[in-house]
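Descriptive structure summary
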Amino acid sequence: DKNQELLIVPRAAFVLIEIARNKEGFHQNLLIKHQTDSLRQLLDQLIQVTEKQQTQKMTKLLLELSGIGNGKLSKECLRKSGAGRILKFLSKKVERTNPRVARSMLCLVEQWRMGLSIRDDNAFQFGRSCRETVLALGRID
């Protein structure tokens, strides 16, 4: 059918234009908003389970937090959510009762810090930081 063939070209052009816009950062604010909202939601849940000292749920939430943005979040997203400060506060709160969870929280903050300064040519250090976070979380009973 000729009509279907005619629609392919405009659709392909639209997709290519959107890919170019994404590469130039036109949709960056939407990504930051989505990541910030996800971070806030998970942090709220983490605060609640930390109050109840639910280790398994804390571990699950920390793993989810480490996966947002493939572990690499923008400075603006971290600033808006206050994620680093919240995790540092929570790690001090649980340090006596659950030192492994506290260490995992600090590893996640370090992972995010490294993600801010990493360049594409030096992804090895960032990958090692992500592995340390996952390993720290895996040691929690």
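A brief report on the enclosed structure follows. In every chain, residue numbers begin from 1 and rise along the written sequence. The predicted nature of this model means local features are confined to residues of pLDDT at least 70 and side-chain atom pairs, given and counted, to a pLDDT of 80 or more, with totals for whole chains, interfaces and linings taken over all residues. With hydrogens and water set aside, each side-chain value is computed from the structure's full complement of heavy atoms.

1. Overview of the overall build of the protein
Strands are runs of DSSP state E lasting at least two residues, helices are runs of H or I lasting at least four, and both sets are numbered from the N terminus onward. Within the protein, the regular secondary structure consists of 7 helices and 0 strands. Each helix (α) and strand (β) of the protein, taken in turn from the N terminus, gives the series α-α-α-α-α-α-α. Relative accessibility thresholds used throughout: buried, under 20% of the residue-type maximum; exposed, over 50%; partly exposed, between the two (1.4 Å probe, protein chains only). Residues classed as buried in the protein amount to 35% of the 141 residues present. If you take every contact in the protein between residues at least 6 apart in sequence, the share linking residues at least 24 apart comes to 68%. When the accessible surface of the protein is totalled, it reaches about 9700 Å², and 55% of it is carbon and sulfur. Contacts: residue pairs with any heavy atoms within 4.5 Å of one another. Accessible surface is estimated by sampling points in the Shrake-Rupley manner with a 1.4 Å probe; for residues, cover comes only from the protein chains shown.

2. Digging into the packing of helix α2 (residues 28-51) against helix α3 (residues 55-67)
Each axis is a line fitted through C-alpha atoms, and for a helix only the stretch in contact is used; angles between axes span 0 to 180 degrees, taken between their N-to-C directions. Here α2 crosses α3 at 165°, and the two axes come no closer than 9 Å. The pairing of α2 with α3 is recorded here as roughly antiparallel in orientation. Note on packing geometry: the crossing formed by α2 with α3 is left-handed. Residue-level inspection shows L39, L42, L43, Q45, L46, V49 and T50 of α2 in contact with α3, the latter providing K57, M58, L61, L62, E64 and L65. Here the residues of the contact of α2 with α3 sort into 9 nonpolar, 2 polar and 2 charged. Should an angle lie under 35 degrees it is considered roughly parallel, over 145 roughly antiparallel, and from 65 to 115 roughly perpendicular; all remaining angles are considered oblique. Each crossing gets its handedness from the near helix: less than a right angle anticlockwise from the far helix is left-handed, clockwise is right-handed. Each residue receives one of three labels: charged for Asp, Glu, Lys and Arg, nonpolar for Ala, Val, Leu, Ile, Met, Phe, Trp, Tyr, Cys and Pro, and polar for the others, Gly being one of them.

All quantities given are derived from atomic positions and should not be read as evidence of function.
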